Every structure is written in C-alpha cells, then in structure tokens.
Amino acid sequence: MKIYEFGDKNKPVLLLLPGTCFTWNGNFGHVIEGLKEHFLVACVSYDGFDETEQTEFSSMLEETEKIEDYVKKHYGGEIHAAYGCSLGGSFVGLLISRENIKIQHGIIGSSDMDETGKLKAKVLTKLAMQIIYNFIQNGGFKSRLMKRFYDKRMLKRGEYGQKMMQMMGIGVRDLSFITKRSVENQFYSDMVTALPEKMDVPGTTIHVFYALKMGEKYRGRYERYFKNPDIIEMDLEHEELLILYPEEWIARVVETVL
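Quick caveat, the model's predicted, so the values are computed rather than measured.

*Asks:* Got a minute to help me understand the overall build of the protein chain in this structure?
*Replies:* Looking only at helices and strands, one finds ten helices and seven strands in the protein chain. The globule rule puts the C-alpha radius of gyration for 258 residues at 18 Å, and the 17 Å found for the protein chain is close to it. Across its three principal axes, the protein chain shows a C-alpha extent of roughly 55 × 40 × 40 Å. Within the protein chain, buried positions represent 51% of all 258 residues. Here the protein chain displays about 12400 Å² of accessible surface, and carbon together with sulfur accounts for 49% of that area. Taken as two groups, the 33 positive and 37 negative side-chain charges of the protein chain have centres that lie 7 Å from each other.

Quick look at the structure:
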C-alpha cells in the first residue's frame, strides 16, 4: 500500500480512497490539481492495484490498518477529511468507527455499503470474477452475448459509462499487474466486512454524496450506519459528479469540509 502526496504540507490533509478495482491515478488523477489549491492531497493506492509494487490485496481490515499506521506516522494520527469513492466509502466508515485515527470530516461518495453473509459473498464474487476480471485483463468480452449486453448498457449510459471505463483504465492502459486474487479478495472482503450501525464519533461529521438515481434503498443504508449523516442529494448516477463534472465535484468537496 502506498499513499501519494500532492500540495502544500501546511494545508489540511484530504485523504482520497479509490473505488473497487480502481487505481489511485485513474480514480482521482483528474481532480488532484484542483484539490491542491485547498488541501494537502493524500491519495491511497491499495495493495494489488499499484503498478509500482508486487503486492496483492488481502482484506479490508489489513488495508485499513496500513492506512491508520501511515496517518499516525505522517500526520500525527489526525487528518481534516477523507473522501471514499464507492468502495472507498466503506474504508472511510471503517477508519472512523475504529477510532484509531481522528478524521474531522468523512465523505461517503455514492457508496453502496453492501454487506452479506460469507456463502452469498463467495457466490457473488465468483460471478463478478467471470465478468469483471476478464474485462479488466482483456478490455472486452470474448463472448458475443456478453459483448452485445455490454455495448447496449454502455450505449444507454452514454458519456457517463464511457468515462467510467476510462477511469478504470479499461482499454486505456495495461492492467496486467492486477491479479485475479487481488480482485477476488477486494470484492469478497468488502461484502463480509461489517460496519457498526449508527456510528456517532465525537468531533467527526459524516457527509454523504447521495446519488438519487442509485435508488431510495441507499438512503436507508446511510441512515443505518451513520447516526446523523449530512446527506447531500444529487439527481445523478453513481459517482457521476466526480466522473463527468470534476470542477463541480471539487467545489462541492471544498464547500462541504472547509
């Protein structure tokens, strides 16, 4: 695990946590320059998803411990804010709930906060591997049926779907360093790592960038895990603001935590 820093060390620290199967620069590379005006940007690069390392993603808890150790060593155990994109939102929840470090503002970015039992998680992980890992490695599908399904979905999603694939690096850069085991462990670990309900840590405010087009059930999840979340509604798809409107996303982050 690595953390890449950008900006003035005298400014408040903003920790960025990528989503599922995203590299740090794919997920946040297009917003770092804008964020540097306001923060010392610290972007997490998970084990198994950094091309400069020969590592594999093990578990959510092991990665969380490494992030905590880094924050203690480099920032005295306290940071101003943390933004978690999708999967990264689960990391924000873990970091806050464990209270091993202090985070003044946690932002949950369109996260699904999905949890399930081990058996179901294993089945879902196997299904995901048949689709996602092969897609990551090959940049497409060998199956004509899957290719037609994917093309139809992407056409329906337009620029949003295309930009999301580009951010993941699909067909854009070599992702062969990402192993099957890393993807499996990340998917499975996310689903079986439980968060406490009604989190309420003194001195910490939870903000949620709630993409309404994801569905109403997600509001219930945010209210389940966080006692008094600041839910910021957006009539958008999952992380659409970050993907399609980076300048507006930067302004919203700044407005939310500063």
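*Asks:* When you look at the pattern of salt bridges in this model, what are you seeing that I'm missing?
*Replies:* Two side chains with opposite charge may pair up if their charged atoms get near one another. This structure, assessed with the given rule, holds twelve salt bridges. Residue Asp114 pairs with Arg221 through a salt bridge whose shortest N-O separation is 3.7 Å. Of this pair, Asp114 sits in the loop between β5 (102–109) and α5 (118–138) while Arg221 sits in helix α8 (residues 217–225), and the two are 107 residues apart along the sequence. Between Arg219 and Glu216 there is a salt bridge, with its nearest N and O atoms 2.9 Å apart. Several salt bridges converge on common partners, so that one network encompasses Asp47, Glu62 and Lys66.

Cut-offs used in this document
Residues numbered from 1 in each chain as written. Predicted model: local features only at pLDDT ≥ 70, side-chain atom pairs only at ≥ 80, totals over all residues. Heavy atoms only, no water. Helix = DSSP H or I, 4+ residues; strand = E, 2+ residues; numbered from the N terminus. Rg over C-alpha atoms; globule rule 2.2 N^0.38 Å. Buried < 20%, exposed > 50% of the residue type's maximum accessible area, 1.4 Å probe, protein only. Areas by Shrake-Rupley, 256 points an atom, 1.4 Å probe, with all protein chains shown as cover. Lys, Arg positive; Asp, Glu negative; His and termini not counted. Charge placed at Lys NZ, Arg CZ, Asp CG, Glu CD. Salt bridge = Lys/Arg side-chain N within 4 Å of Asp/Glu carboxyl O.

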